[in-house]
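Structure assessment
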Amino acid sequence: MTPGDRMMASALGSWTRLAPFAGLDPAAFEAEELWRREDPGQVRIVLRMRGGAGQDLVFKRVFQPQDRGRWAEALDGQRRAVRALMRDPVHVPPAILAEDAETLSTVQDFVPGRTLQDHMLLRFDKPGARAQVLQRAGRFLAAFHGATAEGDKPFNPATMLDYIRALGRRALSGDLTLADPDLFAVLAEGLEAAAQTAAGQPVRVAAQHGDLHARNLIVSGKRATLIDFAQDRSAPVQYDMARLIVDLGARFSGDAAPEATCGLPAADLAALSDGYGRDLSQDACLAFLCRCRVLQDWAALPAVASQRSAFQQERLLQLQKTATRLAAA
Ligand SMILES: Nc1ncnc2c1ncn2[C@@H]1O[C@H](COP(=O)(O)OP(=O)(O)OP(=O)(O)O)[C@@H](O)[C@H]1O
Ligand SMILES: [Mg+2]
């Protein structure tokens, strides 16, 4: 048996034990592998389970990391979003039907559609055609933030700024080695001014997904929702948005003219803004947090080229492109 087969076999074993807790007969389902990840410290498998009676479910088992606290918190985050959006079938995330903290396994509803990343890839050369799908994503975010909003407060950039400053200090002292340290420094330099502009701006605090990239948003027709929650916390809404916008900007900008504040093509940010109901190009907190996000992602990559995986190499090239655009803005 290959390691891959073993992963499938042990996932199916935990499905067989867990399904009855959701009132399901495990033998009445056919499994199809949707996704697996096998990176150092990150191992999981996602199966689509189709039942004879028309049930369409997802079974996910996390093998690594074995962090029960984090795993349970993420499920709480998903349940909070489900409760908040219960009366909004267009945006409600998938319900969790059963869970097993021993094997870090869950059974949840299958969400039909494609990930936002797949939609973007399909429209790679057609920036205009991306508007509709980005509007839907923006509409989802407006619903998610609206349903979980806890009020407004003045933005305080200190925590993020301290964090990035500490990265800079560690780089200077030789404790942290960065890829392309010169470009990193140029982008980091502009951060203080961006922080000053953002400080004190009113921001809305709402539920934070915690890992909002374009593979965790699923869009189909008018329906758009989030999967794979990472936590159960609240934060200014710009944190999740910056994660999404940097992810989109780095992957899908091509040669399109960049929007000045966050490196995304202007038309893409306009579509997202349109869906969200607010002009995000004027959001100083978002601009600041997008810069922070690029620097954070950058610092997490191995400095030496030979130690970077193909994926990490590609990621660095994307971040360098985004940094160049942001530094020129
Ligand atoms: N409930 C669901 N409905 C439909 N598709 C799903 C569902 N859950 C997961 N998927 C599919 O499986 C993929 C991986 O799932 P998920 O994001 O939970 O895994 P992950 O390994 O934790 O991802 P990440 O890369 O964000 O760490 C998703 O991008 C999506 O295509
Ligand atoms: Mg995911």
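How each quantity is defined
- Residues numbered from 1 in each chain as written.
- Chains lettered and ligands numbered in written order.
- Predicted model: local features only at pLDDT ≥ 70, side-chain atom pairs only at ≥ 80, totals over all residues.
- Heavy atoms only, no water.
- Helix = DSSP H or I, 4+ residues; strand = E, 2+ residues; numbered from the N terminus.
- Rg over C-alpha atoms; globule rule 2.2 N^0.38 Å.
- Contact = heavy atoms within 4.5 Å.
- Areas by Shrake-Rupley, 256 points an atom, 1.4 Å probe, with all protein chains shown as cover.
- Lys, Arg positive; Asp, Glu negative; His and termini not counted.
- Charge placed at Lys NZ, Arg CZ, Asp CG, Glu CD.
- Core = buried A, V, L, I, M, F, W, Y, C linked by side-chain atoms within 4.5 Å.
- Buried < 20%, exposed > 50% of the residue type's maximum accessible area, 1.4 Å probe, protein only.
- Domains from an automatic or database assignment.
- Salt bridge = Lys/Arg side-chain N within 4 Å of Asp/Glu carboxyl O.
- Donors = N, O, S within 2.8 Å, 3.2 Å for Na, K, Ca; no water.
- Pairing = 2+ DSSP bridges.
- Axes fitted to C-alpha atoms, helices over the stretch in contact; angles between N-to-C directions.

**Quick word on the overall build of the chain**
- Tallying secondary structure elements over the chain gives eleven helices and eleven strands in all.
- Expected size for 329 residues packed as a compact globule is a radius of gyration near 20 Å; at 21 Å, the chain falls within 12% of this value.
- If one aligns the C-alpha atoms of the chain with their principal axes, the spans along those axes are about 60 × 45 × 40 Å.
- A separation threshold of at least 6 residues defines the contact pool for the chain, and within that pool the share at least 24 residues apart is 69%.
- Put simply, the chain shows about 15200 Å² of open surface, and 52% of that area lies on carbon and sulfur atoms.
- The averaged location of the 39 negative side-chain charges in the chain is 2 Å from the averaged location of its 39 positive side-chain charges.

**Focus: the nonpolar core**
- Formed by 69 residues in total, the largest nonpolar core has its most connected members in Leu-116, Leu-248, Phe-288 and Trp-298.
- A per-element tally of this core places helix H10 (residues 284-299) first, with eleven residues.
- Taken domain by domain, the makeup of this core includes at least three residues from each of domain 1 (3-110) and domain 2 (115-328).
- When near neighbours in sequence (up to four residues on either side) are disregarded, Trp-298 contacts Ala-179, Asp-180, Leu-183, Phe-184, Leu-316, Leu-319, Gln-320 and Ala-323.
- In terms of nonpolar packing, the next biggest core, distinct from the first, is built from 16 residues, Met-7, Ala-19, Phe-29 and Phe-59 among them.

**Things to note about the side chain of Arg-61**
- By secondary structure assignment, the location of Arg-61 is in strand S3 (residues 56-64).
- Buried charged residue Arg-61 carries no salt bridge. Nearest counter-charge: Asp-100, at 7.5 Å.
- With near-sequence residues (within four places) excluded, Arg-61 lies in contact with Ser-10, Ala-11, Ser-14, Val-43, Arg-44, Ile-45, Thr-103, Leu-104 and Ser-105.

**Remarks on the coordination of the magnesium ion (ligand 2)**
- In the first shell of the magnesium ion (ligand 2), the protein supplies Asn-216 (OD1) and Asp-228 (OD), at 2.1 to 2.2 Å from the metal. Of this pair, Asn-216 sits in the loop between strand S8 (202-208) and strand S9 (217-220) while Asp-228 sits in the loop between strand S10 (223-226) and strand S11 (233-236); the two residues are twelve residues apart in sequence, bridging distant segments of the chain.
- Asn-216 gets classed as buried once you look at its relative accessible area, which sits at 3%.
- Residue classification places Asp-228 among the partly exposed positions, given a relative accessible area of 30%.

**Thoughts on the sheet that holds strand S5 (residues 105-109)**
- The strand order S1-S2-S3-S5-S4 describes an open sheet built from five strands, whose pairing is antiparallel. Each of the sheet's edge strands pairs with one partner strand only, and the pair in question is strand S1 (29-39) and strand S4 (96-100). Across the sheet, the mean angle from the axis of one strand to that of its neighbour is 15°, orientation sign disregarded.
- Note that strand S2 (residues 42-51) and S3 share eight bridges and pair antiparallel. Bridge pairing in S3 places Val-43 opposite Gln-64.

Read these as spatial facts, not as claims about activity.
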